[in-house]
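Chain by chain, the residues run as shown.
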Amino acid sequence: MALGADATRRRLSQTASSWVDRHFRWLLVSPAVVLILALTIFPLGYAIWVAFVTYDFNIPGHAWRGIDNFKEVVTDPNARKAIATTAWLATAAVAIELVIGLLLALAMVRPFRGRRWLIPIFLLPLFMSPVIVGQFWALLLTEPFGPTNWLLGAISGSDVNIRWTTQTPWAYFSILLADAWQWTPFMFVILLAGLSAIPDDLYSAADLDGARPRQAFFFVTLPLLLPVMLVAVAFRVIDAAKIFDVIYVLTKGGPGTDTYTASYYLYEQGFQLFHLGRGTAGAWMFMILLSVVSYWLVRRLLKPVEA
Amino acid sequence: MAQVTIEHLGKTFSEGTEAVRDLSLEIGDGELVVLVGPSGCGKTTTLRMVAGLEETTSGTITIGDRVVNHLPPRERDIAMVFQNYALYPHKTVYENLAFPLKLRRLSKPEIDDRVRRSARLLGLEDLLGRKPRQLSGGQRQRVAMGRAIVREPQAFLMDEPLSNLDAKLRTQMRAEIHRLQRELQATTIYVTHDQVEAMTLGDRVALLRKGELQQMATPQELYDKPTNVFVAGFIGSPAMNFVGAELGRRDGHLEVTFGQQSLRLHESEARPGLEAYIGRRCVLGIRPEHLEDAALESGAPADRRFRGKVEVREGLGSEVVVHFQVEAPPTLTEDVRELALDVDAAALADLEREQQLHETVFVGRFGASTKAAEGDAVEVVAEHGALHFFDAESGRRISL
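Everything numeric in this text was worked out from a predicted model, so none of it was measured. (Residues numbered from 1 in each chain as written. Chains lettered and ligands numbered in written order. Predicted model: local features only at pLDDT ≥ 70, side-chain atom pairs only at ≥ 80, totals over all residues. Heavy atoms only, no water.)

What follows is about the domain arrangement of chain A. All names here are of chain A. In terms of domains, chain A is made up of domain 1 (2–51) and domain 2 (69–306). Put simply, the middle of domain 1 and the middle of domain 2, counted by C-alpha atoms, are 46 Å apart. Listed per partner, the contact involves five residues of domain 1 and seven residues of domain 2. Around 430 Å² of area is buried between domain 1 and domain 2 when both sides are counted, 73% of it from carbon and sulfur atoms. Taken as a group, Ala47, Val50 and Ala51 account for 78% of the area that domain 1 buries against domain 2, more than any other trio of residues on that side. Linking domain 1 with domain 2 are zero salt bridges, by the criterion used here. Partitioned by chemical class, the residues of the side of domain 1 that touches domain 2 number five nonpolar, no polar and no charged. (Domains from an automatic or database assignment. Contact = heavy atoms within 4.5 Å. Buried area = accessible area lost by both parts, 1.4 Å probe. Salt bridge = Lys/Arg side-chain N within 4 Å of Asp/Glu carboxyl O. Nonpolar A, V, L, I, M, F, W, Y, C, P; charged D, E, K, R; others polar.)

The structure is reproduced here in structure tokens:
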């Protein structure tokens, strides 16, 4: 008897251990699966539902609305304006970052004294939270305490009274300034890597072939840098289209709705006006729009890389 | 094509390294001169100075009748083939060849004509539409040559153009470069560290060491009459054997003694200059191809034989390379040390160990039927004219 019980126990523990052996990998991945389900799949599914119902903190109940939430966003002139603003702000910001980043990279590609220290300093803005970046540009620019107007006044010799964050062309300028300050280093560091990868011998060969420095730039540097440049631009455009933090801190979308971007508009719909249903519907549309644009960008821009 | 003259050329890098010192060379119109030497001898630096890619510290470079020292590369009218080819990766073969012509603002039909002519010369006609990365190593090499040829420049500069190819292809491309150079009558400066390339390609060869010219001569003269131990050891493969020796006279004949063994000098080797070295130490050099297993040369006189112990036997089919130990101290002059170091740091360590043991390892290229086996004693014959003598102090050849 005792022997039999022992054997049963052994057999049981064997089956248990072989079950664990066979399913151990699933046990290992299960926390991650649960986390993804809880934090991504469920909210995503929930958000689909929210987009089709009344989900408003001021209105009780969640009545089914069909595609009305979507209709309201599409017909809202503010939403259309926000999309346009987003498009041109993102384009302008990336263009500025590309040009300055390229110039910096060209200046820094050859070794010189102090380069080792300069490059990390250039990269610092990259590691800052956009909210902080927005905040310190606000401190620098906003009248009456920001030193910018005073400094410009001292230079020009007359009073300068620019309302950097609340006056129309200047509000755009401030946003671009803050964004470019933070993200130019991104362009810089990627383009620097791209430039460093071009072998010196190619420049020697171009020189012997009769190319002047300007021609070497257009016939050797640019074509060889193009793939890297396009990747950097694609990344930045997708990222810049989602700009929110700097605007939230600097202009709060103002003056009026002039600096409403897509993200800021959706934030206002959802969390200022509490039209969560409408905001979610807008967010879905924006996500799809951005996916289409990104897909096109990646396909279109990366084509020369494959060719 | 034009003549290239280098006079008293010097180069000191900003951190103080002297790469080239007082170098004077003349490359005749249509001549191919090879600059050869171990790494760090200044050959590539010299070439880059001629190209204008490196500034000269002193001296003048003349191409044709123009002093070009202060001209940028693009105004020197020379073409260069780089070690890694330096083809434009984003351009097709056609565009690579056309690029220098386009920069010279030649007309489209003229460019097309020249590109196609060069392509035909190099067998590149079918590859004109491809990008460099779709080409094999040998094809890239040809495109690089084509880009040089298409411009019809005053001179060609080639910086180790074959070193990225495997051995077989290298032999083939070497012949190709030879053919092209003869056909185009192109003034060419060719840099390599490979002495076989230097010997086979060069009308004349300039051997450099630590930025200084050691000898400039035809390949045959370099082989027959090396000006010093360094040149003697660098040219030839396997390298010349060196051993510390002493000259003496017996029965009215000059003889050379190393360790306990002596060889009588043949008339072709006995120069009057050697008289001054009687009773003094010198360096004896013998090329491996001038040594033979005595068993295969029964008629060889006894006074041209010496003994050793076989260490390694390498059969090559057509011949057998035998490494054998001789009881005599090896020479460890500065030249020999540097030659060994150019092979490997371990080679130098071996030499130093041999010196402590008073043993010198000789290499001989024996006939295929030799029976010399590892561990055996072997008797070796030195052919007539095989013995080279160098000053033990300066390493210079004892001539006249």
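All right, on to the nonpolar core then. Residue and element names in this part refer to chain B. Of all hydrophobic cores here, the largest spans 52 residues; its most connected members are Leu35, Met80, Leu157 and Ile189. With five residues, strand E2 (residues 18–27) is the largest single contributor of residues to this core. For isoleucine 189, the residues in contact, after removing those within four places along its chain, are Val4, Ile27, Val33, Leu35, Leu47, Val50, Phe156, Leu157 and Met158. (Core = buried A, V, L, I, M, F, W, Y, C linked by side-chain atoms within 4.5 Å. Buried < 20%, exposed > 50% of the residue type's maximum accessible area, 1.4 Å probe, protein only. Helix = DSSP H or I, 4+ residues; strand = E, 2+ residues; numbered from the N terminus.)

By a widespread convention, an interface's size corresponds to the accessible area lost as its parts come together. Between chain B and chain A, the residue contacts involve 23 residues of the former and 18 residues of the latter. If you look at where chain B meets chain A, you find three salt bridges. A salt bridge links A:Asp209 to B:Arg151, with the shortest nitrogen-to-oxygen separation between them at 3.7 Å. Connecting chain B to chain A are seven residue pairs in polar contact (both at pLDDT 80 or more). Looking at the side of chain B that touches chain A, the elements that each hand over two or more residues are helix H1 (43–51), strand E6 (78–81) and helix H2 (93–103) of chain B. Of all the elements, H2(B) adds the most residues to the side of chain B that touches chain A, at three residues. (Polar contact = N/O pair within 3.5 Å; in protein donor to acceptor, adjacent residues only side chain to side chain.)

Right, let's get into helix H5 (residues 130–141) of chain A. All names here are of chain A. An ideal rise of 1.5 Å per residue puts 16 Å on twelve residues; H5 measures up with 16 Å between its terminal C-alpha atoms. For H5, the set of buried residues is Val133, Gly134, Trp137, Ala138 and Leu141. Looking straight down H5, one finds its buried side chains confined to an arc of 135°; they lie on one side. The elements touched by buried residues of H5 are helix H6 (147–156), helix H7 (168–196) and helix H10 (245–250). (Expected span 1.5 Å × (residues − 1). Arc of directions from axis to C-beta.)

Before going further, it helps to spend a moment on the packing of helix H3 (residues 77–108) of chain A against H7(A). Residues and elements named next belong to chain A. Following both chains from N to C, one finds H3 and H7 inclined at 45°, their axes separated by 6 Å at the closest point. Between H3 and H7, the angle falls in the class oblique. Regarding H3 and H7, the two cross each other, and that crossing is right-handed. (Axes fitted to C-alpha atoms, helices over the stretch in contact; angles between N-to-C directions. Parallel < 35°, antiparallel > 145°, perpendicular 65-115°, else oblique. Left-handed = near helix turned anticlockwise from the far one by under 90°.)

A few words now on the pattern of salt bridges. Evaluation of the coordinates by the stated rule reveals 37 salt bridges over all chains. Put simply, A:Arg278 and A:Glu72 hold a salt bridge, and the shortest N to O gap is 2.7 Å. Residue A:Arg278 is found in helix H12 (residues 276–306), and its partner A:Glu72 is found in helix H2 (residues 68–75); the two are separated by 206 residues along the sequence. A:Asp207 is the partner of B:Arg74 in a salt bridge, and the nearest nitrogen-oxygen pair spans 4.0 Å. Taken together, the positions of B:Arg74 in the loop between strand E5 (66–67) and E6 and A:Asp207 in helix H8 (residues 200–209) put the pair across two chains.

With that out of the way, let us pick up the pairing of E2(B). Residue and element names in this part refer to chain B. Strand direction decides the pairing type here: strand E1 (residues 4–12) and E2, joined by six bridges, are antiparallel. Among the inter-strand pairings, lysine 11 is bridged to a residue of E2, identified as valine 20. Hairpin connection of E1 to E2: five residues between the antiparallel strands, including glycine 16 at a positive phi of 105°. (Pairing = 2+ DSSP bridges.)

What follows is about the sheet that holds strand E16 (residues 305–315) of chain B. Residues and elements named next belong to chain B. An order of E15-E19-E16-E17-E18 is seen for the five strands of this open sheet, with the pairing classed as antiparallel. Both outer strands of the open sheet, strand E15 (291–293) and strand E18 (359–367), are each paired with one neighbouring strand and no more. Between one strand axis and the next, the sheet turns by 45° as a mean value, whatever way the strands run.

Counted according to the given criterion, the structure contains 34 aromatic pairs over all chains. Look at A:Trp183 and A:Phe186: their rings are 6.3 Å apart centre to centre, the planes differ by 80°, and that puts the pair in the edge-to-face class. In this pair, A:Trp183 and A:Phe186 both sit in helix H7, three residues apart, roughly one turn of the helix. Site record: aromatic cluster; members linked through ring pairs are A:Phe244, A:Tyr248, A:Tyr260, A:Tyr264, A:Tyr267 and A:Phe271. Over the face of the ring belonging to B:Phe230 we find B:Arg209, whose NZ or CZ atom lies 5.0 Å from the ring centre. The ring of B:Tyr277 carries the charged tip of B:Arg280 above its face, separated from the ring centre by 4.4 Å. (Phe/Tyr/Trp six-rings, centres within 6.5 Å; stacked < 30°, edge-to-face > 60°. Lys NZ or Arg CZ within 6 Å of the ring centre and 35° of its normal.)

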